[in-house]
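So the chains spell out like this:
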Amino acid sequence: MATLFYEPSTRTRLSFEAAMRRLGGEVLTTENAREFSSAAKGETLEDTIRTVEGYSDIIVLRHFESGAARRAADTANIPVINAGDGPGQHPTQALLDVYTIKREIGTLDGIKLGLVGDLANGRTVRSLAYLIAKYQNIKIYFVSPDVVKMKDDIKDYLNSKGVEWEESSDLLEVASKCDVIYQTRIQKERFGERIDLYEAARGKYIVDKKVLDVLPKHAVIMHPLPRLDEVTVEVDSDPRAAYFRQAKNGLYIRMALLKLLLVGNKSLDPCENAALFCMANVHVQILVHVT
Amino acid sequence: MATLFYEPSTRTRLSFEAAMRRLGGEVLTTENAREFSSAAKGETLEDTIRTVEGYSDIIVLRHFESGAARRAADTANIPVINAGDGPGQHPTQALLDVYTIKREIGTLDGIKLGLVGDLANGRTVRSLAYLIAKYQNIKIYFVSPDVVKMKDDIKDYLNSKGVEWEESSDLLEVASKCDVIYQTRIQKERFGERIDLYEAARGKYIVDKKVLDVLPKHAVIMHPLPRLDEVTVEVDSDPRAAYFRQAKNGLYIRMALLKLLLVGNKSLDPCENAALFCMANVHVQILVHVT
Amino acid sequence: MATLFYEPSTRTRLSFEAAMRRLGGEVLTTENAREFSSAAKGETLEDTIRTVEGYSDIIVLRHFESGAARRAADTANIPVINAGDGPGQHPTQALLDVYTIKREIGTLDGIKLGLVGDLANGRTVRSLAYLIAKYQNIKIYFVSPDVVKMKDDIKDYLNSKGVEWEESSDLLEVASKCDVIYQTRIQKERFGERIDLYEAARGKYIVDKKVLDVLPKHAVIMHPLPRLDEVTVEVDSDPRAAYFRQAKNGLYIRMALLKLLLVGNKSLDPCENAALFCMANVHVQILVHVT
């Protein structure tokens, strides 16, 4: 497996590499392909992919341009996994999110989900809304500052699938009736010089002790990480704080995905099959490209 | 194997690491030794080598200074492989080039070879001209902009070996009678502020559809990569476009080289022996240093 | 094993990674965690640790802040090894130093040790003075420019342990009666704009041929590396120059440490037990945190 990372990452790269090594495979790694590969000399992504596929059996790509994973997959004769392509998609994150909900709550059908924070720029909430729509009787609450509201493309998609959703500005009220509160970081880099807007947006919806007080006992707090202060550290010790377990699930889901792509699903053990539970319901084709 | 890379690289580092892992060995890697090793604190290359040889059985070094590999090899008590030393040499590239010609054309003796592009600064064409001179009845055509012509040291060397060569400004005519067209990138960084000269040189000799039209059926296009637009992408789908196969051969030649250096050549399997075919004709001593 | 390095390193990272691989384990590596991990997005060290512990069985951390290793260890549920925390401690260096003295001299009790160079800022000499105090009948000579003298906290500690020490400005006289001369680099970065003070301090105590001439036959020169010119290269060929052997001992001591932490000390082979000789006398708890 070759991990080509053109953007910083901790969780995604390390969990992919840990996954491959636990499966017994080897890893070729690039921590900073943007500056220390031939990309710095002007090589196209396509040429890099054609070269690297000669040295590996599967490629994991994080890139700063939306659509880069699609271009790479169209070029390669081996599987390419999209590990995030700029503001585009981050499909394995959505997979691990859905898997985490299943593990934590016990079911996906019928859940009530609060998506909180930067819903305009966060690729994880966008991918998650898209994926979760494939299950039954889902209800979604969007809670976000006005400047970073969920965009119409996702709302239209949910409407077309008959998924109920509503917008709210009352985080406590939403928390009191949800199974999952999915908090996200306000992305400073999207605000340019309007630091004032960023500061206002950033402090608006914080998951803290007050949220825990109204949150149902069986419910959980999720976050794709990294976080700044949109989930306060006092929340960490509550058993409903699921975000570090969520990060660990990235390992399992990526092990299952790699095994599926490299050897088919016959040899999956029960644990890995559990990780693939949700993948059975989704279109793997939208996530990766296998030729 | 420790890979110490003081300069950006995709192909060379990843193919060396893939080679070692396919042989069952382990890899210690530095993607950017210049900034993130003790070199940043002023340590000499010699001291770094003496330290790293304590942790590894073989060192692969790419450095920005000509002669760095020689200094490292003189210091170390384990084999040091030169993976490119600034404007100096890039011997394993020459090995894989010669191996690619053998695999693609079937022979090395008697071939006609067109070296195109930046012949003054390209260490790969310089190394290749030097190596190919060891075979019989070679004919070389140099096709390059005036500002980056092949230098006299190589011409003198070819003369001393009785190798026929000529300079030409007609790429199409050369392509019509060659077995191999070896195109190279014009290296912008060598032109300093004379961007006008660079732009003029860069557009002069392009391998495109017109070249394919006159190129013999059995012939091939090679390129050390990365490329910009000196080989157009329309060429990629032609079976005579050998440059991605050439990049992949880097894996085989490096596997063979590592095995030769670490366990001797007794245990090479037939495939690896094929990779070493051309090495039998050259002086391995000029490429690496084994103490 | 995950190696999280927020500062440049050659010896420490590569020897830890080589150690783990020789033990049969796998490595997740970050060469430059400061810029290319989520730390760049503002994630706290604690959050990074909680994530990475999900993907690994042991963490090796080098950080630029004093106390970072302690914070990481307090957070993690797996062992965290301090591989240097800013101007704080570098305990595995102290371990390999003590192990080197034992191997080179044959004993630790009763030795005479000259600590030379930057005694104020060098975390290795500070840690070594602390560790060596646990042995019997030690005598320490401090030889340093006035601006970087050993600080009172270590002197007070040695007094409380009854360890004899004195300060000297005569390197040759000290060298003539020591078993070990431990030279260190004057750290330019600590002098800010007072380059004149740095230059004066830097040239003051140099280990060269003259020091070798008076050094006892059985004695050794040690240095944590990297060095600039405070040990001249003419010294390298003398059998008493132990610094490259010392660097290699880092491999053995780290293998022993990893094995101890991961599988207990029952399965250590004789060689590894030798590496752990000195660790038996010290408090492993001060070095790492195991929960």
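Throughout what follows, the structure given in this document is the object of discussion. Predicted, not measured: the structure shown is a model, and the values here were computed from it.

## Points about the relation of the copies chain C and chain B
At step 1: For the pair chain C and chain B, the best superposition has an RMSD of 0.1 Å and corresponds to a rotation of 120 degrees with a translation of 0.0 Å parallel to the axis. Here the transformation between the copies is reduced to the relation of a three-fold axis. Among all residues of chain C, the minimum C-alpha distance to the rotation axis is found for Glu31(C), at 4.5 Å.
At step 2: Taken together, the interface assignments show that only 16% of the residues at the interface of chain C recur at the interface of chain B, consistent with different surfaces on the two copies.

## Focus on the sheet that holds strand β5 (residues 112-116) of chain C
Residue and element names in this part refer to chain C.
At step 1: Spatially, five strands are ordered β7-β6-β5-β8-β9 in an open sheet, and the strand pairing comes out parallel. Looking along the sheet, the strands with just one partner apiece sit at the ends: β7 (164-167) and β9 (220-222). Sheet twist, expressed as the mean angle between neighbouring strand axes with direction ignored, is 20 degrees.
At step 2: When strand β8 (residues 180-183) meets β9, the two strands line up parallel, connected through three bridges.

## Some points on the pattern of salt bridges
At step 1: The full count for this structure, using the stated rule, is 57 salt bridges over all chains.
At step 2: Between Glu167(A) and Lys155(A) there is a salt bridge whose closest N-O contact spans 2.7 Å. With a gap of 12 residues between them, Glu167(A) in strand β7 (residues 164-167) and Lys155(A) in helix α7 (residues 152-160) connect regions that are remote in the sequence.
At step 3: Owing to a relative accessible area of 35%, Glu167(A) belongs among the partly exposed residues under this scheme.
At step 4: Residues Arg71(C) and Glu65(C) are paired through a salt bridge, measuring 3.2 Å at the closest nitrogen-oxygen approach.
At step 5: Of the residues examined, Glu65(C) reaches a relative accessible area of 36% and is grouped as partly exposed.

## Focus: helix α7 (residues 152-160) of chain B
Residue and element names in this part refer to chain B.
At step 1: If you check which residues of α7 are buried, you get Ile-154, Lys-155, Tyr-157 and Leu-158. For α7, the angular spread of the buried residues around the axis is 160 degrees, confining them to a single face. The exposed set on the far side of α7, more than 90 degrees from its buried face, consists of Asp-152 and Ser-160.
At step 2: Packed against the buried residues of α7 are α6 (123-132), β6 (139-143) and β7 (164-167).
At step 3: Backbone geometry just after α7 places Gly-162 at a positive phi near 75 degrees.

## Some thoughts on the interface of chain C and chain B
At step 1: Counting from both sides, the interface comprises 25 residues of chain C and, opposite them, 25 residues of chain B.
At step 2: Here chain C meets chain B over a buried area of about 2,300 Å², counting both sides, of which 52% is carbon and sulfur.
At step 3: The largest contributions to the chain C side of the interface with chain B come from Leu14(C), Arg21(C) and Glu31(C), which together make up 25% of the buried area.
At step 4: At the boundary of chain C and chain B, one finds four salt bridges.

## Structural notes on the packing of aromatic side chains
Residues and elements named next belong to chain A.
At step 1: Within the structure shown, the criterion is met by 15 aromatic pairs over all chains.
At step 2: For the ring pair Tyr-243 and Phe-244, a centre distance of 5.3 Å and an interplane angle of 65 degrees mean the geometry is edge-to-face. Of the two residues, Tyr-243 and Phe-244, neither departs from the other in class, the shared state being buried.

Rules used in this analysis
- Residues numbered from 1 in each chain as written.
- Chains lettered and ligands numbered in written order.
- Predicted model: local features only at pLDDT ≥ 70, side-chain atom pairs only at ≥ 80, totals over all residues.
- Heavy atoms only, no water.
- Least-squares fit on C-alpha atoms with pLDDT ≥ 70 in both.
- Contact = heavy atoms within 4.5 Å.
- Pairing = 2+ DSSP bridges.
- Helix = DSSP H or I, 4+ residues; strand = E, 2+ residues; numbered from the N terminus.
- Axes fitted to C-alpha atoms, helices over the stretch in contact; angles between N-to-C directions.
- Salt bridge = Lys/Arg side-chain N within 4 Å of Asp/Glu carboxyl O.
- Buried < 20%, exposed > 50% of the residue type's maximum accessible area, 1.4 Å probe, protein only.
- Arc of directions from axis to C-beta.
- Buried area = accessible area lost by both parts, 1.4 Å probe.
- Phe/Tyr/Trp six-rings, centres within 6.5 Å; stacked < 30°, edge-to-face > 60°.

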